[in-house]
Amino acid sequence: MKRKDFDVIIVGAGPSGLAAGFVLAKAGVNTIIIERGKFPGSKNVMGGIFYTKAMDDLIPEFYKEAPVERHIIEQNLWFMDDVSHLGVSFKSQKYNSEPFNSFSVFRAKFDRWFAKKVEQMGALIINETVVTQPIVEGGKVVGVKTDRPDGDLYADVVIGADGVNSFLAKQLGLRNKIKPNIVALAVKEVIGLDKEKINDRFQLRSDKEGAAYEMTGPFLDGMEGMAWLYTNSSSISIGVGVVIQDLIEHKTNPNDLLEKIKAHPSVAPLIEGGQTKEYLAHMIPEGGYYATPKLFTDGFLTTGDAIMFVNNVNREGSNLAIESGKLAAKTYLEAKQTGDFSSKSLSRYQDKIRKSFACKDLSMYKNMPKLLEEKRYFLTKYPQFFIDFVYDWFSVDGVSKPDKIKKAKKEFGDKFGYVNFAKDLYAIWRYMIR
Ligand SMILES: Cc1cc2nc3c(=O)[nH]c(=O)nc-3n(C[C@H](O)[C@H](O)[C@H](O)COP(=O)(O)OP(=O)(O)OC[C@H]3O[C@@H](n4cnc5c(N)ncnc54)[C@H](O)[C@@H]3O)c2cc1C
């Protein structure tokens, strides 16, 4: 008789694995989650803004008991050079009421709490166990090998929720080795600061309200990347992620960039007097839609960062991971009705992913990586021009405003050419908006 220890084995207790485990256990499926970390979340890093919708669908009003920091009521996008920032800011009281759009969180706390919920549903989670390879029999995935003695486990289906490096998907030939142009290396520091100081500096009325800042522009020297600063209850999360290919070409590293950001005159006063509590590093998938690998094979489904399900433009990853985990679980439940876990049966997962809001968003941005590769000056020359123009506009220096506009028009024409500018606008429309 064919050996079977569980109905489903999930590899990885990040948001995608835990979401899949929650749905499966709730439906009475005998599920095990295998996590290599000391506990779920111990190895996981995020900026981290957590969008609530996907989780709230799973556990309504989860934020009332989950370890969340502040709900975000203000979003800022800053274009920075070395001495200035030009920002777009949005703050709304509409974000100040339940069910809340997003929270700042610490993954080490949040994943651990989520894992407890999954256990309460009936799934088994084992920590400090590394899955070393899939077990394949007759072309079908039937289980996994672990680093424990006699650690082979068998199931109907294995779900690979093992993150950006996903060795399982690689070993099964579903994806290639990640190229350095589709993955970013990110570092993050948590800086302890009094609640009152945070409230004052960020104009927040209580330690429940939070603000989020994203920073890009010429200060990154033309590298594709983003820095961020988020308020937690009594600390600040600050970090930067840059595409690895760019780090190699610019012979730099994210640690130096983070120090540069912390010293920036617009950022330094916000973190002044704070004490570094934690320093973390992790990779972020950046390839978007075209980097999505094959999602399934006989007896196997893969989710979350392992399928590059990250929308970097809108800084969404953890919620997309939850969404894909739920869809993988639903696919299993459908397949279980016929007992058919073949590739053909599991291919329903692909349709579900395609129809999801997340995939539609990724599809909209699908040409973004190519656009930025071809037109890197979108991140440098254009923002620099507008930073300089705004500086000039607000400087009262005896030059009239009409003369300033005339000068700016000429400089713009000399620098970019109006025909080229029209072409660039068309490229944005063609690649992103259309
Ligand atoms: C620096 C940074 C900032 C980010 N900021 C944000 C943000 O602000 N908002 C947002 O929504 N998203 C953000 N993201 C993205 C988000 O963190 C990911 O999209 C999300 O965590 C993916 O979840 P996952 O479950 O697929 O993978 P992961 O969270 O990576 O979980 C994978 C799990 O699998 C385990 N594992 C791996 N291999 C094995 C193995 N062989 N055996 C056993 N266990 C294994 C790991 O230990 C880990 O627990 C950020 C990511 C980074 C790196």
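Residues numbered from 1 in each chain as written. Predicted model: local features only at pLDDT ≥ 70, side-chain atom pairs only at ≥ 80, totals over all residues. Heavy atoms only, no water.

## Things to note about the environment of Arg70
Part 1 of the argument: If you trace the backbone, Arg70 turns up in strand S4 (residues 68–80).
Part 2 of the argument: Residue classification places Arg70 among the buried residues on the basis of a relative accessible area of 0%.
Part 3 of the argument: Arg70 sits 164 residues away from Ser234 along the chain, and the two C-alpha atoms are 9.6 Å apart.
Part 4 of the argument: A distance of 2.9 Å separates the side chain of Arg70 from the side chain of Asn199, its partner in a polar contact.
Part 5 of the argument: At a separation of 3.1 Å, a polar atom in the side chain of Arg70 contacts the main-chain carbonyl oxygen of Ser206. (Helix = DSSP H or I, 4+ residues; strand = E, 2+ residues; numbered from the N terminus. Buried < 20%, exposed > 50% of the residue type's maximum accessible area, 1.4 Å probe, protein only. Polar contact = N/O pair within 3.5 Å; in protein donor to acceptor, adjacent residues only side chain to side chain.)

## As for the site of the ligand
Part 1 of the argument: Residues in close proximity to the ligand total 36 residues, the closest being Glu35, Ile49, Arg107, Asp305 and Ser318.
Part 2 of the argument: A distance of 2.8 Å is found between a nitrogen atom of the ligand and a backbone nitrogen or oxygen belonging to Gly47.
Part 3 of the argument: A distance of 3.0 Å separates a nitrogen atom of the ligand from a polar backbone atom of Val131.
Part 4 of the argument: Those elements that provide at least two residues to the shell around the ligand are helix H1 (15–26), strand S15 (275–285) and helix H9 (318–338).
Part 5 of the argument: Looking at the shell around the ligand, the element that brings in the most residues is S15, giving 3 residues.
Part 6 of the argument: Broken down by class, the residue content of the shell around the ligand amounts to 16 nonpolar, 12 polar and 8 charged.
Part 7 of the argument: Taken domain by domain, the makeup of the shell around the ligand includes at least three residues from each of domain 1 (6–67 + 106–176 + 293–355) and domain 2 (183–285). (Near = heavy atom within 4 Å. Nonpolar A, V, L, I, M, F, W, Y, C, P; charged D, E, K, R; others polar. Domains from an automatic or database assignment.)

## Considerations on the side chain of Asn44
Part 1 of the argument: Positionally, Asn44 belongs in the loop between strand S2 (31–34) and strand S3 (49–51).
Part 2 of the argument: Apart from residues no more than four positions distant in its own chain, Asn44 is found in contact with Ala13, Gly14, Arg107 and Asp111. (Contact = heavy atoms within 4.5 Å.)

## What to know about the packing of H9 against helix H11 (residues 348–355)
Part 1 of the argument: Taken N-terminus to C-terminus, the directions of H9 and H11 make an angle of 145°; their axes are 9 Å apart at the nearest point. Taken as a pair, H9 and H11 cross one another with a handedness that is right-handed. Between H9 and H11, the residues in contact are Ser324, Leu327, Ala328, Lys330, Thr331, Glu334 and Ala335 and Arg348, Tyr349, Lys352 and Ile353, respectively.
Part 2 of the argument: Of the residues belonging to the contact of H9 with H11, the class tally is 5 nonpolar, 2 polar and 4 charged. (Axes fitted to C-alpha atoms, helices over the stretch in contact; angles between N-to-C directions. Left-handed = near helix turned anticlockwise from the far one by under 90°.)

## A short note on H11
Part 1 of the argument: For H11, the complete set of buried residues consists of Tyr349, Lys352 and Ile353. All buried residues of H11 fall inside an arc of 100° around its axis, so they share one side.
Part 2 of the argument: Lining the buried residues of H11 we find strand S17 (300–302), H9, helix H10 (343–346) and helix H12 (357–364). (Arc of directions from axis to C-beta.)

## Observations regarding the pattern of salt bridges
Part 1 of the argument: For the structure shown, the criterion picks out 30 salt bridges.
Part 2 of the argument: Across the salt bridge formed by Asp7 and Lys4, the nearest N and O atoms sit 2.9 Å from each other.
Part 3 of the argument: Here Lys4 falls in the partly exposed class, since its relative accessible area comes to 43%.
Part 4 of the argument: Between Asp156 and Lys4 there is a salt bridge, with the nearest N and O atoms lying 2.9 Å from each other. On the criterion of sequence distance, the pair formed by Asp156 in strand S10 (residues 153–160) and Lys4 in the segment before strand S1 (6–11) is long-range, its members being 152 residues apart.
Part 5 of the argument: The buried category is assigned to Asp156, whose relative accessible area is 9%.
Part 6 of the argument: What emerges from the salt-bridge pattern is a single network uniting Asp392, Asp397, Lys404, Lys407 and Glu411. (Salt bridge = Lys/Arg side-chain N within 4 Å of Asp/Glu carboxyl O.)

## A word on the pairing of strand S5 (residues 85–91)
Part 1 of the argument: As paired strands, S4 and S5 are joined by 7 bridges and run antiparallel to one another. Considered in S5, the bridge of Phe79 is made with Leu86. (Pairing = 2+ DSSP bridges.)

## Digging into the packing of aromatic side chains
Here a ring pair, both rings aromatic, is described through the centre-centre distance and the interplanar angle of the planes.
Part 1 of the argument: Per the stated rule, a full pass over the model turns up 30 aromatic pairs.
Part 2 of the argument: On the basis of an interplanar angle of 90° and a centroid distance of 5.6 Å, the ring pair of Phe385 and Phe386 is categorised as edge-to-face.
Part 3 of the argument: Overall, the relative accessible area of 7% leaves Phe385 in the buried class.
Part 4 of the argument: When its relative accessible area of 37% is taken as the criterion, Phe386 is described as partly exposed.
Part 5 of the argument: Among the aromatic residues, ring-to-ring pairing joins Tyr377, Phe378, Tyr382, Phe385, Phe386, Phe412, Phe416, Tyr418 and Phe421 into one connected group.
Part 6 of the argument: For the cation-ring pair, Lys294 lies above Phe296, with the distance from its terminal atom to the ring centre recorded as 4.9 Å.
Part 7 of the argument: Across from the ring centre of Tyr289, 5.6 Å away, lies the NZ or CZ of Lys366, which sits over that ring. (Phe/Tyr/Trp six-rings, centres within 6.5 Å; stacked < 30°, edge-to-face > 60°. Lys NZ or Arg CZ within 6 Å of the ring centre and 35° of its normal.)

## Regarding the environment of Phe202
Part 1 of the argument: The residue Phe202 is located in the loop between helix H5 (195–201) and strand S12 (209–216) in this model.
Part 2 of the argument: The exposure class of Phe202 is buried, given its relative accessible area of 2%.
Part 3 of the argument: The sequence separation of Phe202 and Ala212 amounts to 10 residues, and the corresponding C-alpha distance is 9.6 Å.

## Let's talk about the domain arrangement of the protein chain
Part 1 of the argument: Taken domain by domain, the protein chain holds domain 1 (6–67 + 106–176 + 293–355), domain 2 (183–285) and domain 3 (369–433).
Part 2 of the argument: Distance between the C-alpha centres of domain 1 and domain 2: 29 Å.
Part 3 of the argument: In this assembly, 14 residues from domain 1 lie in contact with 16 residues from domain 2.
Part 4 of the argument: Across the contact surface, domain 1 and domain 2 share 1 salt bridge.
Part 5 of the argument: Close ionic contact of Glu214 with Arg315 constitutes a salt bridge, the shortest N to O distance being 2.8 Å.
Part 6 of the argument: Put simply, domain 1 and domain 2 have 6 residue pairs in polar contact (both at pLDDT 80 or more) between them.
Part 7 of the argument: For the side of domain 1 that touches domain 2, the residue count by class is 7 nonpolar, 4 polar and 3 charged.

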